[in-house]
Amino acid sequence: MLKRLFVFLIALLPALAAGAPMGFDEARHLLNRTSFAANVEDIESFAKLTRAQAVDQLLAWTSGKMITPPPAWVNEFESPRRLRDASEEERKAFQRQQAEKGAELRGWWITEMLTTPSPLTEKMVLFWHNHFVSGLQKVRSPVLMYRQNQLLRKHAFGYFGDLLHEVSKDPAMVVYLDGASNRKGKPNENFAREVMELFTLGEGHYSEQDVKEAARAFTGWSIDPDSGEYLFRRPAHDEGVKTLLGRSGNFDGDAVLDLLLAQAQTGEFVVSKLWREVVSPQPDATEVRRIARMFRDNRYNIKVALRALLLADAFYAPQNRAALIKSPVDLIVGTLRQFRFETGEVTPFLLAARQLGQDVFAPPNVKGWPGGEAWINSASLLSRKQFLERLFRAQEMRQPLPAALPGASPRERLVRAALDIHFDSELWFKQFAQGDALLTKVVLATEPAATAASTAQGVPRLRELVLDPAYQLK
Amino acid sequence: MNRRDFLAGAGAAAVTAWLPDAVYAAGAGRYDNLLVLVELKGGNDGLNTVVPYADAEYYNLRPRIAVARDQVLQLDAAAGLHPSLQPLMPLWQNRELAVVQSIGYPAANLSHFRSIEIWDTASKSDQYLSDGWLTRAFAEAPVPRSFAADGVVVGSNEMGPLAGGGTRALALNNTGDFVRQARLAGGEGVARNAALSHILKVERDVTQAAANLGNNSVTLRSEFPNHALGNAFKTAAQVVASKAGIAAIRVTHSGYDTHSGQQGTQQRLLKELAEGLVAMRAAMQEIGRWDSTLMMTYCEFGRRPRENQSGGTDHGTANAHFVSGGRVRGGLYGLPPALGRLDGNGNLPFAVDFRDLYATALDRWWGINSALALNGRYTPLDLLRA
């Protein structure tokens, strides 16, 4: 009898936990994973909510809306055709202009990340950017990359199937994975392979023959070089019967995508990737299957999967706290947001992100940034620490800047921007009247790794904390 | 040396199989011999690098992008180098350049990521390993602790053959900056999970390497070409010149995934590669290390023999690579690309397993038993002078 009562009470525990306020530590953990940085007031207000209320709140705040105005040129597609008869000079000028637009585009996104009221939105757009990878190195058109970002934004919390279908016809993707040269009788397998390996099934869940047959189904998916819009070139499309994944038919590209979506493996593949993004480096196979089934049963509603992950017991398990390594964007945007740095031009942060290995809009290859421990090697760790050290040192050596002269060179503007970073330490420290314990808890996701006791206070103490190895964790 | 001397498959095994394992000094590699791996990231098109210019089928398969017969730098009556590789010709004439053709592995994978993982971990096609092949070799025969590090990776964020926890591997891009910044790494602390433990280990490796590199710096007179690969070789040469000791260096050259417009891109890349290799040789000669340096190129796969419709080539299988050093016996090794025997995907059969090349470095260059690091016995190529 006693034993049965005990079992009953144990069974009740999670339910009780779900109904109780989550408390400071869980709130900090949730916010560390779903935003770039957690502030004291946010943590305290979330601490009063139950886990479910907190997660629903975060999801309710997400939106596709941006608060940073896009660059002025985003609606002007620059057709590469105009270069056909261009001189060498004109070509170079065009390339310079494109490079400048690329920098503006990165600046626009970083600015949005720094200022958005819904950091989770930007984190998910970045997640999809790293899933449905395209990059400026090959696409070469900042306009098309901007449009792709809008598409990822539109579906970031929508239905994965819609996202897959639309991104497969997205002009930047068509260029990135050579859709335009995939023609009947002369297939180019690039997209067909990556859609299976990286977007849906994962390595080992399809055959080389599946790739070949799928490539035939995607023939004709092209872009109009004048407008930069998607264009289906019917004469280039292979109308024959294709056999893949155990099915035969006159499949077109959309039919192949539907075949891929019908595979249970697709849900598990995507959920595993989301798990590594928000929960821990090692997905739990049973939980992944459970959540993937919910995901598929709800027409691949991304919110359903994300909500389940953020409410999973594994998410709050002590061994999974501070178990993820911050990405360069997490580190840079998170630090600037955490300490409420006032900044001028964002160029220095774009350069820092690139140096740390995460040049947004230009992932290293179609597999994206591998993430996790791969973020940290000797070179990148030292660059991270140098970035953090300079951020706080610049503060101490800050001097009033002379007014900018019109027509300042990019280098001059960069130096100015680097000097134009301001941290109001007095205001910031007002949150921590209670002392060092709270400060440490907010700045670090776990206790400091350095064992030596510190007597430093104020900005010197902050410098110690951000240079502590634990600052690299979330 | 020419391909008649090449001991294919079982032939070479017969030569080495009688060697008892005892000839390998237990646990002590000859790490005064340096290995420099050069990754041609993206999958270099070997057929337009080492051109089978006498094979009519080559010109049939590549009507648009073939290297014309009168352009190739002839190595023998069948093979010639891409004209951009002109800087390598003095090495060839000096018999310091080995050209190995038809390198690959059974059941080739055509994905960049999976195939480079197979190369980096020296796994079988259907086997998933996490440690790099050099990491396993160093676990078996440790590099002296007095060395600055076991290995260094230049020009990439990926540790490749040096991946995995057991090795002291560094990524660095500029030695001076590295030594100056190293004060930011402490290495002291308690690891509470895998992520933190990884960070602390990197910090400790940095601290030790910086102490060694900083105390032994040498200024090189040799000049390096002014491009990313040139800078990477310069950094590599500076690490070697510091005399602190280093067993292996991996340099990465990116951009070889030429699905479209291959000609211009490859022309530039191969020129940079040749310039970089030649500059590295000059620097090693300057510090008296050329005879103890072995350079090898590698990448995930070769490219498909038939050109595609975009003036490029898709993912393929067997490939040609270069091995060079002061003690390399120059010449052609392996077998010419068998363009008449393509597989169902239109790809080449291989003749030399890439692990034979690794066994050459492990068994012959470092004198360590390759069988454990490579998960099996592979046959070293006979391309080193005593």
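Computed from a predicted model, the values in this text were never measured in an experiment.

Calculation criteria
Residues numbered from 1 in each chain as written. Chains lettered and ligands numbered in written order. Predicted model: local features only at pLDDT ≥ 70, side-chain atom pairs only at ≥ 80, totals over all residues. Helix = DSSP H or I, 4+ residues; strand = E, 2+ residues; numbered from the N terminus. Rg over C-alpha atoms; globule rule 2.2 N^0.38 Å. Buried ≥ 20, exposed ≤ 12 C-beta atoms within 10 Å, placed from the backbone. Contact = placed C-beta atoms within 7 Å. Axes fitted to C-alpha atoms, helices over the stretch in contact; angles between N-to-C directions. Parallel < 35°, antiparallel > 145°, perpendicular 65-115°, else oblique. Left-handed = near helix turned anticlockwise from the far one by under 90°. Nonpolar A, V, L, I, M, F, W, Y, C, P; charged D, E, K, R; others polar. Domains from an automatic or database assignment. Core = buried A, V, L, I, M, F, W, Y, C linked by C-beta atoms within 7 Å. Pairing = 2+ DSSP bridges. pLDDT = per-residue confidence, 0-100.

Chemist: Any chance you could break down the overall build of chain B for me, citing the residues and the numbers?
Modeler: The secondary structure content of chain B amounts to 11 helices and 12 strands. The C-alpha radius of gyration computed for chain B amounts to 20 Å, which stays within 12% of the reference 21 Å derived for 386 residues, consistent with globular compactness. For chain B, the spread of C-alpha atoms along the principal axes amounts to about 65 × 50 × 40 Å. For chain B, the proportion of its 386 residues judged to be buried stands at 58%.

Chemist: Which residues make up the overall build of chain A, and what values go with them?
Modeler: Along its length, chain A carries 24 helices and four strands. Relative to its length of 474 residues, chain A is compact, with a C-alpha radius of gyration of 24 Å against a globular reference of 23 Å. If you line up chain A on its principal axes, its C-alpha atoms span 80 × 75 × 35 Å. For chain A, contacts bridging at least 24 residues in sequence account for 73% of all contacts bridging at least 6.

Chemist: Could you give an account of the packing of helix 8 (residues 228-241) of chain B against helix 9 (residues 262-286) of chain B, with specific residues and numbers?
Modeler: Residue and element names in this part refer to chain B. The geometry of helix 8 relative to helix 9 is characterised by a closest axis approach of 9 Å and an angle of 20° between their N-to-C directions. Looking at the two axes, helix 8 sits roughly parallel to helix 9. In the packing of helix 8 onto helix 9, the handedness of the crossing is right-handed. Counted together, Leu229, Gly230, Phe233, Ala236 and Ala237 of helix 8 and Glu272, Leu273, Glu275, Gly276, Ala279, Met280 and Ala283 of helix 9 form the full contact between these two elements. Broken down by class, the residue content of the contact of helix 8 with helix 9 amounts to eight nonpolar, two polar and two charged.

Chemist: Which residues make up the domain arrangement of chain A, and what values go with them?
Modeler: On domain assignment, one finds that chain A holds domain 1 (2-61), domain 2 (264-320) and domain 3 (328-472). One C-alpha centre belongs to domain 2 of chain A, the other to domain 3 of chain A, and the line joining them spans 31 Å.

Chemist: Now, about the interface of chain B and chain A: what can you tell me, with residues and values included?
Modeler: Across the boundary between the two partners, chain B contributes 40 residues, which contact 41 residues of chain A. The element best represented in the side of chain B that touches chain A is helix 7 (residues 194-215) of chain B, accounting for 10 residues. Residues belonging to the side of chain B that touches chain A are distributed by class as follows: 18 nonpolar, 15 polar and seven charged.

Chemist: Which residues make up the nonpolar core, and what values go with them?
Modeler: Of all hydrophobic cores here, the largest spans 247 residues; its most connected members are Leu309 of chain A together with Val36 and Ala236 of chain B. Excluding residues within four positions of it along the chain, Val36 of chain B makes contact with Ala236, Ile249, Val251, Met280, Thr293, Leu294 and Met295 of chain B.

Chemist: Break down the sheet that holds strand 2 (residues 50-51) of chain B for me, citing the residues and quoting the values.
Modeler: The strands that make up a sheet pair up through hydrogen bonds in the backbone, lying either parallel or antiparallel. Residue and element names in this part refer to chain B. Taken together, three strands build an open sheet; the order of strands is 2-4-3 and the sheet is antiparallel. Only two strands of the sheet have a single neighbouring strand rather than two, namely strand 2 and strand 3 (73-74). One ladder, built from two bridges, connects strand 3 with strand 4 (residues 80-81); its direction is antiparallel. Across the sheet, the residue bridging to Leu73 is Leu81, located in strand 4.

Chemist: Report on the pairing of strand 6 (residues 149-154) of chain B, specifying residues and quantitative values.
Modeler: Residues and elements named next belong to chain B. For strand 6, a buried count of six out of six residues is recorded, marking the element as mostly surrounded by other parts of the structure. As paired strands, strand 6 and strand 8 (residues 246-254) are joined by five bridges and run parallel to one another. Pairing of Gly151 across the sheet is with Ala248, part of strand 8. In terms of strand pairing, strand 6 meets strand 7 (residues 169-171) through three bridges, oriented parallel. Among the inter-strand pairings, Gly151 is bridged to a residue of strand 7, identified as Ala169.

Chemist: Any chance you could break down unusual backbone geometry for me, citing the residues and the numbers?
Modeler: Positioned with a positive phi, Tyr300 of chain A is a non-glycine residue whose angle comes to about 60°. Along the polypeptide, Tyr300 of chain A turns up in the loop between helix 15 (285-297) and helix 16 (302-311). C-beta crowding within 10 Å serves as the criterion here: with 21 such atoms nearby, Tyr300 of chain A is assigned to the buried category. Non-glycine residue Ser102 of chain B carries a positive phi angle of around 60°. Among the structural elements, Ser102 of chain B can be located in strand 5 (residues 97-104). Using a count of 22 C-beta atoms within 10 Å as the deciding quantity, one classes Ser102 of chain B as buried.

Chemist: Report on the confidence of the model for chain B, specifying residues and quantitative values.
Modeler: All names here are of chain B. Put simply, chain B has an average pLDDT of 90, and 93% of its residues get 70 or more. Contacts of residues 1-27 to residues separated by more than four positions or lying in other chains number 26 contacts, the stretch itself having pLDDT below 50. The ipTM for the predicted assembly is 0.91, set against a pTM of 0.80.

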